[in-house]
Amino acid sequence: MRVPIWFTLDEADLDFTRTSTHRLMHSATARAKPDHIFRVAAGERFFEWLEPLRAWEWTSDGTPGLGSKREVHLTMLSARERMIAWEEGRRLTYRIEEASRPLVNRLVEDIQIYEKSDGTCRIEYGVHYEMVRVARPLSFLFKAMFEPLFARATQRLAEVSEELAKRDVAQR
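None of the values given here were measured: they were computed from a predicted structure. (Residues numbered from 1 in each chain as written. Predicted model: local features only at pLDDT ≥ 70, side-chain atom pairs only at ≥ 80, totals over all residues. Heavy atoms only, no water.)

**Re the packing of aromatic side chains**
We count it as follows: For Phe, Tyr and Trp, rings pair up if their centres lie within 6.5 Å, where Trp contributes its six-membered ring, and each pair is then called stacked (planes under 30 degrees apart), edge-to-face (over 60) or tilted (otherwise). Under the scheme used here, helices are H or I runs from DSSP no shorter than 4 residues and strands are E runs no shorter than 2 residues, and both carry numbers assigned from the N terminus. Remark: exposure states derive from per-residue accessible area (1.4 Å probe, protein chains only) relative to the maximum for the residue type, with buried under 20%, exposed over 50%, and partly exposed in between.
Summed over all chains, the structure comprises ten aromatic pairs. Between Phe46 and Trp56, the aromatic rings sit 5.1 Å apart at their centres with planes inclined by 80°, giving edge-to-face as the arrangement. In this pair, Phe46 sits in helix H3 (residues 46–49) while Trp56 sits in strand E3 (residues 53–58), placing the two residues ten residues apart along the sequence. Ring plane angle 35° and centroid distance 6.4 Å describe the contact between Phe146 and Phe150, whose orientation is recorded as tilted. Placement of the pair is Phe146 and Phe150 together in helix H4 (residues 139–170), with a separation of four residues, close to one helical turn. As far as the burial class goes, Phe146 and Phe150 line up, both buried. Ring-pair connections join several aromatic residues into one group, and the members of that group are Phe38, Phe46, Trp49, Trp56, Trp58, Trp86, Tyr125, Tyr129, Phe142, Phe146 and Phe150.

Put into structure tokens, the structure is as follows:
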């Protein structure tokens, strides 16, 4: 794999999920417990739900959690991420600190899990971003390219979480 050239993005915090100028929002329902969904979202079986994923690794020491860093390589770009929310069974949020393509100034991905009374969970996957100035006129292309990717990822996150839940039940 080629070593990417890294472009540093502006910092973003959790508030950016409410104030971003652009967002992609997707949801899915899973017949799985919140902890199954969180485990899959945090990296267990990552290759199965994020299909353009080519490689990834935790790059910070210790147990993954709030503040942890990872490096992710997709077919079209690579990113260095930092976890800015880590609420097991509820929320996993990370910001992109560096990217191999200078498309956005800031980007935060926010996965929230809501347990429902019928035993299912609703997964909400939000991608919040701010385009770089020169790319703003082409923001529709960014959305056209990434909207299907994140829609599919959200659905696959639900499906893989259900598979993990069934496996765990079968092993009891």
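**Looking at the side chain of Ser100**
Just so we agree on the cut-off: In the analysis that follows, any N or O atom pair within 3.5 Å is treated as a polar contact, provided that within protein one partner can donate a hydrogen and the other can accept it, and provided that, for residues neighboring in sequence, both atoms belong to side chains. Contact between two residues is taken to exist if any of their heavy atoms lie within 4.5 Å; hydrogens are not considered.
With respect to the helices and strands, Ser100 occurs in the loop between strand E6 (91–99) and strand E7 (104–115). Separated by 2.7 Å, the side chain of Ser100 and the backbone nitrogen of Ser78 make a polar contact. Every residue in contact with Ser100, bar those within four places of it in the chain, is listed here: Pro4, Ile5, Trp6, Phe7, Leu77 and Ser78.

**Description of the nonpolar core**
The condition that has to hold: The term nonpolar core refers to a set of buried residues drawn from Ala, Val, Leu, Ile, Met, Phe, Trp, Tyr and Cys, joined through side-chain atoms within 4.5 Å.
In this structure, Trp49, Leu50, Leu92, Leu107, Tyr125 and Tyr129 are the most contacted members of the largest nonpolar core, which totals 46 residues. The leading source of residues in this core is H4, at ten residues. Apart from the residues lying within four places of it in its own chain, the contact partners of Tyr125 are Leu24, Met25, His26, Trp49, Tyr94, Glu109, Asp110, Ile111, Phe150, Ala153 and Thr154.

**Some details on unusual backbone geometry**
A negative phi angle is the norm for most residues apart from glycine, just as the trans form is the norm for most peptide bonds. Despite not being glycine, Arg45 has its phi angle at roughly 65°, a positive value. With respect to the helices and strands, Arg45 occurs in the loop between helix H2 (34–41) and H3.

**Observations regarding empty space enclosed by the protein**
It is the rolling of a water-molecule-sized probe over the atoms that shows where space remains empty. Worth spelling out the cut-off: Put simply, the grid is 1 Å and covers the protein atoms alone, a cavity is a trapped set of points that fit a 1.4 Å probe, a pocket is an open set with protein on both sides within 12 Å along at least five of seven lines, and lining residues have an atom within 4 Å of a point. Grid points are joined across faces, edges and corners, and a volume is the space filled by probe spheres set on the points. Residues are grouped as follows: Ala, Val, Leu, Ile, Met, Phe, Trp, Tyr, Cys and Pro are nonpolar; Asp, Glu, Lys and Arg are charged; all remaining types, including Gly, are polar.
What the rule picks out here adds up to one cavity of 30 Å³ or more. In this model, the largest cavity occupies a volume close to 270 Å³. What lines the largest cavity is a set of 22 residues, and nearest its centre among them are Leu74, Leu77, Ile96, Leu107 and Glu109. Mapped by element, the contributors of at least two residues to the lining of the largest cavity are strand E4 (69–74), strand E5 (78–87), E6, E7 and H4. Per element, the largest residue contribution to the lining of the largest cavity is four residues, and it comes from H4. Taken together, the residues of the lining of the largest cavity sort by class into 18 nonpolar, no polar and four charged.

**Observations concerning the side chain of Asp168**
Along the chain, the position of Asp168 falls in helix H4. Look at Asp168 and you get buried, because its relative accessible area is 14%. Polar side-chain contacts of Asp168 include one of 2.9 Å to the side chain of His36. Every residue in contact with Asp168, bar those within four places of it in the chain, is listed here: His36 and Arg39.

**A look at the environment of Ile5**
Mapped onto the fold, Ile5 is located in the segment before strand E1 (7–8). On the basis of relative accessible area, Ile5 is assigned to the exposed category, the value being 63%. As a C-alpha pair, Ile5 and Gln155 span 150 residues in sequence and 31 Å in three-dimensional space. Ignoring sequence-local partners within four residues, the contact set of Ile5 consists of Ala99 and Ser100.

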